[in-house]
Structure formats: C-alpha cells, structure tokens
Amino acid sequence: MGASSAGAQEKSQPAVTELPVIEVTTPSPIVKPKRVQPGKSADATQAAPIVEGPAIPPGTTLDFDDHTFASITVADEREITANGGTTITDALQNKPGITSTAFAPGANRPIIRGLDSYRVRTQEDGIGTHDVAAISEDHAIPVDPNAADRIEVVRGPATLRYGSQAIGGVVAVENERIPTFIPKGGLSGAVKGGLSSVDEGRDGAFKVTAGSKATGFAVHADGFARRAEDYDTPNGKELNTFVDSQGGSVGLSRVWENGFLGVAVAHIDSLYGIPGEEAREGVVPRIDMEQDKVLARGEWRVRDFGLEAVRFWFGASDYAHDELAMHAHGDDDHGHGEEEHADGFSLGSRFTNKEQEARVEVQHSPVGTVLGQLNGALGAQWGNRNTRGQSFEGESLLEPVETESIAAFWFEELDVTRSLRFQAAARIEQTDVDGTGWSEFHGEGEEFHAHAFEGERGFTPVSGSLGVLYQLPFDTVARLTGQYVERAPDAAELFSKGMHEATGTFEVGNPFLDVEKATTAEISLKKSTGAFRFDTSAYYTRYDGFIYRALQGLACDGAAHDGHFHCEDSHAGDEHEEETFDLVFFRQRDANFYGLELSGQVDVAPIWRGVWGIDGQYDFVRAEFEDGENVPRIPPHRLGGGIYYRDANWFARAGVLHAFEQDKIGAEEIVTPGYTLVSAEISYTAPGENGAPAMTIGLKGENLADDEVLNHASFKRREDVLETGASVRLFGSISLN
C-alpha cells in the first residue's frame, strides 16, 4: 500500500496523528459545509465552493472524509507525481480493490472489484472521458495523470448518480481546469515532472491560475508532455511499449460571492505501442489517438426559496484514433483496402466517438422533521454518443451506432442524531441504442453465415439504494449499504460484428441482450483520525444476466469470402494462410461476486522530528457463474505492508506487496503465477512560507527485486507480456499557493 500524500505538516505538530481531511465530491450530489482544521479558517474572500484546505502531511492514505455512504479511494497530486505512470490507473492499481488491465503502458484501464470496461465509468470534473476505452483494452483513456489534482475512486456501484456504465464504480479525475475560486494573492501555479530508469521516461507539466477579486474573473492554463521508450523487464526489453503524449487546456470563469460559471477547452494526443506477439514478429502495432473537448461547469448557491444550490456540468468532445501496423513489403495478406502512411505503417482500423453530456443537480435547503434534519438533491442527466469502429482489413467491428440517454435521480440524507445518518437514493433512466449488427452467426462445418440486424433497442434501467452510517466510539464509523442497480447494455455489446485485432478476437454482439441487474450488500468500518487508522469493507453482489464475452473455441478469418466466414477449431494447431481471430459471443449468465478490502496504518512512536509507523493491506475478489464456473480475468488475492517515517519535511517508506497465484481460472484461461513487488520511497518537502513557493523532491523505487510480473486480468497474459522490471524514479514539484 502506498502511504504517500501531498504537502507538509505544520511544524508545530511533530507527531502526526490528527490528519487533515480531503473532501471527496464524487459519491453524492449533497454538499455539506466543509470541515475546517482546528485553528484554521476558510478564506471567505475566495467565495467559492472549493477552497484550498490545509496541506496534507506526507505518508497518509486514510485522510479523506469518512462520512460517505460509499467505499472511496483517493490518490492526491503528490502521490500521482511520485508514481509517474503514463495513465491515471498507474497511481491506483496497487490499492485495495483496484487493479489494472495492463494491456500497454499507454492503455491501462482500472479494474474495480473485478469489473472494468462497460461497468466502470471514468470522468474528468464530473463529465465522462468520452472515449472508446471500454470497447477494447488497447484503447487509452484520454486524460493524462499530470492533469489531475487528485483522483477519486468509488469502489462499488455509482449508477445512481452517473448512470448505467458506473455499475461497478467510478474513477473521477478532479482538477481546476475550470477555475472555481480566485487564488490567494491573485495567482497560483505549479511545475512538476520526473525521470524514470525502467523506460528512460521523462515527463513534465505546468499549471497556472490567475484572477482578480475586483473583476471576479479567473483564468487557467496547463500543459504536459511525456516520453517513454520500451521498458525493461527481468527478461530484457519488452518491445513496442513506448509512449509519446502531450496536451493541455485553457479555462475562464466568472466567480462571485455565491457561485461561479466557467468554461474550458482541452486537447490531448498520444502515440503508443502495443506489446505482444505481433510486436515480436515485427508488425509493431501502435495507436495514434487525439481528442478535443469543451467543458462547462457552474454553481449558484441560492440559499433561499427552499434551495441550497444549483449546479451543472456540460461536456462535448470529438475523439478519434488510428490503429497502425507495419507489414512486410510484398505481403499480399495485408495492404488490401488499407491506407499506407509515409512512415511505412498501414492503417488497419479507425475508431471515432463524438459525444455530448449534461448533468444538472438541485440541492434543497435542510428540512427539519420529527426524525431529524433532511438534506437532499434532485438531478437530471442527458447524453448523446455517436461511435464507429471502422476496419480497413476485414469486417468492421462496429458500424455507426448512436446512443442517447436521459435520466432523473434523487438523493436524500436524514441526520437522526449526531451519530446516526440514513441515505436513500433512486434513479430512472431511458437509453436508446440505434445501430447495425448481427442477429445470428452460425455455421455448418467450417462455413459460418451472418444474419443482419438493423434497428433500435430501448432500455429503462431503474436503480435504488439504502444506507446507514453510525458513529461508534473511538471515532470509528460503521457503514451498511444495500443497492439494487440496473445497467443498459452498451452499443458494442449489442452490435459488435467483426474482428478485433488488438485482442485477437472476432466479436459478435447480441442485439437481444436484456438489462443487467445487480443486488449488492456492503458493510464497512473506517477510522481516519488518531494514531491507528483503518478502512475495511466486505461486499457481496449477485448479478442477474451478467453480460460477458464467451470464447467459442473457434478461430475465424477476419474477412468474409463468397458471403461466408471460415471458422475452425482454435486448438487444431494447423497453419493458416490468413490471420485468424478467436470467436467471441456476448452472452448473459447469472453470477456472484464477493470480496474483502482491508487497509490500515499505525503511528507507532515519535522519533527524531516526526513519527514512525507501519501499514498493511489485503484484498481479494471471488467471482463465479451460477453453475460454479469461474468468471474470467479476475485478479488474485494480494497482501502487503510496509514501514514509514514522516515529519513536517521528510517522508520515507519501504514495503512489499505480494500477489498470490491465480488458479481460479475461467474457460480458455491458464494459471498465472504470483509475484512480489518491493518498493521504497524518500522525499523532502520545503513548505512555502511568506509568499515563497513550496518545493518537493524525491526518489521512488518500484519492483526493486526485479520480479517477473504477469497480470492475470490482462488480455496480454496469454502472450506472456511482462510488466515493468526494477525502476527508480526521480520526481519533483514547485508550487505557489
């Protein structure tokens, strides 16, 4: 467990046990007055809903609000910079309940409690990332970690606020690209970056916000760039694992005493390689991705007429990526219908996504009842998405498809006493998906025929939840929640109908899929103050109609010949004149998921100018279909711990994280051996005083034992693609206000 966070502690507190609070905003639309550190007061002149709080001492991970009705994980800016990964998942993947798809360094999606793709929503400042990453593990999330001030993860269903595609959780990148306050002194900014040994990586970023209290206007600008070469493993270089990306944004807001209104435009482009068998054979597949996005956000704190506040979010984006490969000259099996690039790479497929999304939330004023104070919010969400996956080599994976959804949701919290709170929430959603797919794909012998389907499917998911929080002695909070949530099938699950070269599959969607239903119960205990801090959650989820990709044991040609597809036994071992792809059907089965997540820290004793302590973590998820068959790509049990020291300036930690062998495997899977990650970190922070900037510099080592790491949840597991070997990263930052 990484035990690092940003900032420095006040010098008057040599032994840190009372930790400042990071306010989380993702789980609920109900915003309550922020807790203020003793002896501190918010700067009222900023007049904004987000006010910079006290600095977070290094070495804390259980320092966020423990009064939420959901399991939350937070990675702050310092931790993100220290990890230095090329995706937002890199800062999260070793935390309890969270792993990664690890398809490529440039494309690494989070897995939450064994769930990913269409069940985990990724978003930036409340708006979805608007990409095609859920369709395939080789597709990147178009948000760089250097753009994040912090990353909040809801572990478990977040459908009630964010919609069907959040049935497994939400990964929320929070930043100030749309300024929400006037910075102290009219100016704030930061520069940060680092160098890594394992891939000769180098990255850097800046951000600056300026504003005037007299005019009420604030402007923001940020930018980043990163380069990384093929990374080292215990067995040598892993070919084609380079990353080259850059981007930035500009934003403008009008801030007044009771709210703000702002807009920002952002751009990102990234070129990255895909490792594996094709890379070793000289095909060197790569993806060239680009996205332009417009974001708007506002809040009006009414505090009258029975209304506490009105908030809105809006986003519109234009995303595209090209999938490129280099084929040998004179190879007649490639190049037909492909676009040839001057650099020798041919265009195999192109994915595009144009999307718009809006959400409005109205929070009512607190209402006194005979049972206690009632706080609540109503909201509405709308989205429109046009997606296409066009192939230039064979049958296109996804013809143009449009998804439109509209929803309403309602949250209420009842404060019965200072120790007892209840929450209830409900959501109804209408989703319509219009596209072209196959109603059937069947064959006689080795010749398979497809029957076309063209039309619209409509779904009306309904979800609800109940939760209770109880304040136990010793500042411990107990939480019990129950949720019934429904998810509409994604466009790709309904209408996929062709080869997917990156995953080596020939995917056939099912336009007759039904709504996926999940019933979840979760119990947890959390304590975020004092010398002993912990967070523990146990959960059980039953899925009715769990949608999954089922391998059929057949390998098919990517293109039709004389109106039919040639498919044969994928285990036959015959040499094929053309490249073949494993046949996959989207199907539904009932399934059960359950698991446990534990993390804890103990400040053992004061030493030198600070305190030393120990930390530990353990997590697992078990997933089975109704007949006892294992759900594929489920992460293994993990157990870890470490020893740390921290004071107002220094932070040091050494630890291990062991992943056990995963032998609970699904159909067509193989056992994945365990591994042990050894890590160490040391950093020094000079807090800013009297207008001087704060500075941090540090070293962090990962996988220092150079162990061979295979990720069972990755599609690259079957190609024996190792993750990074031993690495040391030098990182630093300079920040003002």
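First, a word on what this report is: a plain description of the structure on this page. Predicted model only: the values in this text are computed from it and were never measured. Here the residue index of a chain counts from 1 through its sequence in written order. Per-residue local features are limited, in this predicted model, to residues with pLDDT of at least 70; the limit for side-chain atom pairs, both in listing and counting, is 80 or more; totals at the level of whole chains, interfaces and linings are taken over all residues. With hydrogens and water stripped out, all remaining heavy atoms of the structure feed into the side-chain values.

1. Points about the overall build of the chain
- Labels follow the DSSP assignment, with helices taken as runs of H or I lasting at least four residues and strands as runs of E lasting at least two, numbered in each case from the N terminus. Scanning the chain for helices and strands turns up four helices and 36 strands.
- Taking all 737 residues of the chain together, 57% fall into the buried category.
- Any two residues whose heavy atoms approach within 4.5 Å are treated as being in contact. Considering only contacts in the chain between residues 6 or more positions apart, those separated by 24 or more positions represent 70%.
- Accessible surface, the chain as shown: approximately 28,300 Å² in total, 57% of it carbon and sulfur. Think of it in three bands: residues with accessible area under 20% of the maximum for their type are buried, residues over 50% are exposed, and the middle band is partly exposed, with areas taken using a 1.4 Å probe on protein chains only. Computed with a 1.4 Å probe, the accessible areas rest on the Shrake-Rupley method; for each residue, only the protein chains presented here act as cover.

2. Observations regarding the pattern of salt bridges
- Salt bridges are defined as contacts in which a side-chain nitrogen from Lys or Arg sits within 4 Å of a carboxyl oxygen from Asp or Glu. For the structure shown, the criterion picks out 53 salt bridges.
- A salt bridge links R280 to E238, with the shortest nitrogen-to-oxygen separation between them at 3.3 Å. One end of the pair, R280, is in helix α3 (residues 277–280); the other, E238, is in the loop between β12 (236–237) and β13 (243–256), with 42 residues separating them in the sequence.
- The class for R280 is partly exposed, based on a relative accessible area of 41%.
- For K700, the salt bridge identified is with E702, shortest N-O distance 3.5 Å.
- Given the relative accessible area of 26%, E702 is considered partly exposed.
- One network of salt bridges, in which partners are shared, links R113, R155, R479, E522 and E597.

3. Comments concerning the side chain of R646
- Among the secondary structure elements, R646 is positioned in strand β32 (residues 638–646).
- Within the local environment of R646, its side chain forms a polar contact with the side chain of D603, the two groups lying 3.0 Å apart. Under the rule applied, a polar contact is a pair of N or O atoms within 3.5 Å (in protein, one hydrogen donor and one hydrogen acceptor; residues adjacent in sequence only if both atoms are side-chain atoms).

4. Let's talk about the side chain of T99
- With respect to the helices and strands, the residue T99 is situated in strand β2 (residues 98–100).
- When its relative accessible area of 11% is taken as the criterion, T99 is described as buried.
- The contacts of T99, once residues within four sequence positions are left out, are T89, Q93, R109, P110, I111, P635 and R638.

5. Focus: the state of the cysteines
- The criterion for a disulfide is a pair of cysteine sulfur atoms lying within 2.5 Å. Summed over all chains, the structure comprises one disulfide.
- Two residues, C556 and C567, share a disulfide whose sulfurs are 2.1 Å apart. Residues C556 and C567 are joined by a disulfide whose S-S torsion is about 110°; by sign, that bridge is right-handed. Here the residue C556 occupies a position in strand β28 (residues 532–557), and C567 occupies one in strand β29 (residues 565–569), the gap between them amounting to eleven residues.

6. Some words on a nonpolar patch on the surface
- A contiguous nonpolar surface patch, about 1,000 Å² in accessible area, is contributed by L195, I607, W608, W650, I682, Y684, I697, L699, L704, V728 and L730.
- Mapped onto the nonpolar patch, the elements with two or more residues apiece are β34 (675–686), β35 (694–702) and β36 (727–736).
- Assignment of secondary structure puts I682 in strand β34.
- Residue classification places I682 among the partly exposed positions, given a relative accessible area of 41%. What makes a patch is a set of residues exposed beyond 30% relative accessible area and free of salt bridges, joined within 9 Å when like-charged and within 5 Å when nonpolar (Val, Leu, Ile, Met, Phe, Trp, Tyr).

7. Examining the environment of G282
- Summarising the element assignment, G282 is placed in the loop between α3 and β15 (286–300).
- Residue classification places G282 among the partly exposed positions, given a relative accessible area of 37%.
- A C-alpha to C-alpha distance of 9.1 Å links G282 and A325, two positions 43 residues apart in sequence.

8. Let's talk about the sheet that holds strand β1 (residues 71–76)
- Pairing between strands is defined by DSSP: at least two bridges between the two strands are required. Strands sit in the order β1-β6-β7-β4-β5 across an open sheet of five strands; the sheet is mixed. Because the sheet does not close on itself, it has two edges, and the strands there are β1 and β5 (127–128).
- In terms of strand pairing, β1 meets strand β6 (residues 150–155) through six bridges, oriented antiparallel. Counted as the bridge partner of V74 is E152 from β6.

9. Quick look at the packing of aromatic side chains
- Each pair of aromatic rings taken from Phe, Tyr and Trp, with Trp reduced to its six-membered ring, is defined by centres within 6.5 Å and is described as stacked if the planes are under 30 degrees apart, edge-to-face if over 60, and tilted in the remaining cases. Evaluation of the coordinates by the stated rule reveals 20 aromatic pairs.
- Centre to centre, the rings of F453 and F512 are 5.6 Å apart; their planes meet at 80°, and the pair counts as edge-to-face. With F453 in strand β22 (residues 447–459) and F512 in the loop between β26 (505–508) and β27 (516–527), this pair connects stretches of sequence that are 59 residues apart.
- The class of F453 is buried, set by a relative accessible area of 16%.
- With a centroid separation of 5.4 Å and an interplanar angle of 70°, the aromatic rings of Y543 and F593 are classed as edge-to-face. Separated by 50 residues along the polypeptide, Y543 in strand β28 and F593 in strand β30 (residues 580–607) bring together distant segments of the chain.
- Looking at Y543, the relative accessible area reads 2%, which means it is buried.
- Residue classification places F593 among the buried residues on the basis of a relative accessible area of 2%.
- Following the ring pairs from residue to residue traces out a cluster consisting of W438, F441, F448, F506 and F565.
- By definition here, charges over rings are those cases where NZ of Lys or CZ of Arg is within 6 Å of the ring centre and within 35 degrees of the ring normal. Positioned over the ring face of Y539 is R113, at 4.0 Å from the centre of the ring.
- One residue, R254, lies across the ring of F217, its end atom 5.7 Å from the ring centre.

10. A closer look at a negative patch on the surface
- His is not counted, nor are the chain ends; Lys and Arg add positive charge and Asp and Glu add negative charge. To locate a charge, take NZ of a lysine, CZ of an arginine, CG of an aspartate or CD of a glutamate. Residues E402, E404, D434, E454 and E456 make up a contiguous surface patch of negative charge.
- At the level of elements, β20 (398–415) and β22 are the ones that each hand at least two residues to the negative patch.
- Classification of D434 by relative accessible area gives partly exposed; the value is 37%.

11. Quick notes on the nonpolar core
- Note on terminology: a nonpolar core comprises buried Ala, Val, Leu, Ile, Met, Phe, Trp, Tyr and Cys residues joined through side-chain atoms within 4.5 Å. Counting 36 residues, the largest nonpolar core has I135, Y272 and F495 as the members making the most contacts within it.
- When residues of this core are traced back to their parent elements, those giving at least two are β10 (217–228), β14 (259–273), β15, β20, β22 and α4 (491–495).
- The element contributing the most residues to this core is α4, with four residues.
- Sequence-distant contacts of Y272, defined by excluding residues within four places in its chain, comprise G106, A107, D138, H139, A140, F242, V243, R286 and I287.

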